[in-house]
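Okay, here's what each chain looks like letter by letter:
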Amino acid sequence: MPRIARFLKEDEKAVYHVISRTALDGLPFKDTDKEYLVELIKKWSRIFFVDVLGFAIMGNHFHLVVRMYPESEVSDDEVRKRYMKLYDLKHPGLEFELKRFKKKLCSLSWYVKEIKQGFSRYFNKKYGRRGTLWGERFKSLIVEDGLTLVNLLAYVDLNAVR
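Residues numbered from 1 in each chain as written. Predicted model: local features only at pLDDT ≥ 70, side-chain atom pairs only at ≥ 80, totals over all residues. Heavy atoms only, no water.

1. Points about the pattern of salt bridges
Then comes step 1: Under the defined criterion, the tally for this structure stands at 12 salt bridges.
Then comes step 2: Its salt-bridge partner being lysine 81, residue glutamate 78 comes within 4.0 Å of it at the nearest N-O pair. Taken together, the residues span about one helical turn, with glutamate 78 and lysine 81 both in helix 2 (residues 76-87) at a distance of three residues.
Then comes step 3: Across the pair arginine 100 and glutamate 97 runs a salt bridge, and its minimum N-O distance is 3.4 Å. Of the two residues, arginine 100 and glutamate 97 are both situated in helix 3 (residues 94-105); the distance of three residues between them amounts to about one turn of the helix.
Then comes step 4: Relative accessible area serves as the criterion here: at 22%, glutamate 97 is assigned to the partly exposed category.
Then comes step 5: Among the charged side chains, a network of salt bridges with common partners joins Glu78, Lys81 and Arg82. (Salt bridge = Lys/Arg side-chain N within 4 Å of Asp/Glu carboxyl O. Helix = DSSP H or I, 4+ residues; strand = E, 2+ residues; numbered from the N terminus. Buried < 20%, exposed > 50% of the residue type's maximum accessible area, 1.4 Å probe, protein only.)

2. A word on helix 4 (residues 108-126)
Then comes step 1: Here helix 4 contains 19 residues, and its C-alpha end-to-end distance of 27 Å stays within 8% of the 27 Å for a straight helix at 1.5 Å per residue.
Then comes step 2: Within the span of helix 4, buried status applies to Leu108, Tyr111, Val112, Glu114, Ile115, Lys116, Gly118, Phe119, Ser120, Tyr122, Phe123 and Asn124.
Then comes step 3: At the N-terminal end of helix 4, a side-chain oxygen is found 3.3 Å from the backbone nitrogen of serine 109, two or three residues along, and the residue is serine 107.
Then comes step 4: Taken from the residues just after helix 4, glycine 128 is the one with a positive phi, measuring 60°. (Expected span 1.5 Å × (residues − 1). Polar contact = N/O pair within 3.5 Å; in protein donor to acceptor, adjacent residues only side chain to side chain.)

3. Here's the deal with the packing of aromatic side chains
Then comes step 1: A complete count under the given rule lists 12 aromatic pairs for this structure.
Then comes step 2: For the pair phenylalanine 29 and phenylalanine 123, a centre-to-centre distance of 5.6 Å together with 75° between the ring planes defines the contact as edge-to-face. With phenylalanine 29 in the loop between strand 1 (14-21) and helix 1 (31-47) and phenylalanine 123 in helix 4, the pair connects residues that are 94 residues apart, well separated along the chain.
Then comes step 3: By relative accessible area, which is 4% here, phenylalanine 29 ends up buried.
Then comes step 4: Overall, the relative accessible area of 3% leaves phenylalanine 123 in the buried class. (Phe/Tyr/Trp six-rings, centres within 6.5 Å; stacked < 30°, edge-to-face > 60°.)

4. Quick notes on the environment of tyrosine 16
Then comes step 1: Position of tyrosine 16 relative to the elements: it lies in strand 1.
Then comes step 2: Taking the relative accessible area as the measure of exposure, tyrosine 16 reaches 2% and is therefore buried.
Then comes step 3: On a C-alpha basis, the gap between tyrosine 16 and glutamate 114 in space is 17 Å, while along the polypeptide they are 98 residues apart.

5. Regarding the pairing of strand 3 (residues 61-68)
Then comes step 1: The element strand 3 is extensively covered by neighbouring structure, given that eight of its eight residues are classed as buried.
Then comes step 2: Note: strand 1 against strand 3, eight bridges, orientation antiparallel. Bridging across to strand 3, tyrosine 16 finds its partner in valine 66.
Then comes step 3: Bridge count for strand 2 (residues 50-57) against strand 3 is seven bridges, and the pairing is antiparallel. (Pairing = 2+ DSSP bridges.)

Following this line, the structure appears as structure tokens:
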């Protein structure tokens, strides 16, 4: 049975609540692991066209509240700058790939994929393990601005307290 497609607003700015859980038992993420995950989120947030409005890193999952920008609001020059920031060189094929790269940098799925893959590589190497780290594909919900967003940010912020 095929997966249900994600609800996305690709033609306008949209806020998403992203949740991803580990497949491991217990609370496998230590404080140093959580710090590394935060650094990955920072790194990819400087590359992708995204604003991180809130986040919580728990012992076995994370929450992100992000605003993604549509391709129509992104200039080609800004894409070039971020490409250079990511690869630290001038790639001769960038102009050919510009449209594809812009689409990627405005994609929620690619953004979360980079974070989760990077963390999986780190975690598996650090603990000498192999195989999947994440239990399933990430969940994402579109969030309306206003009171709904304020309540969500409070929920995410207080998640660690509960």
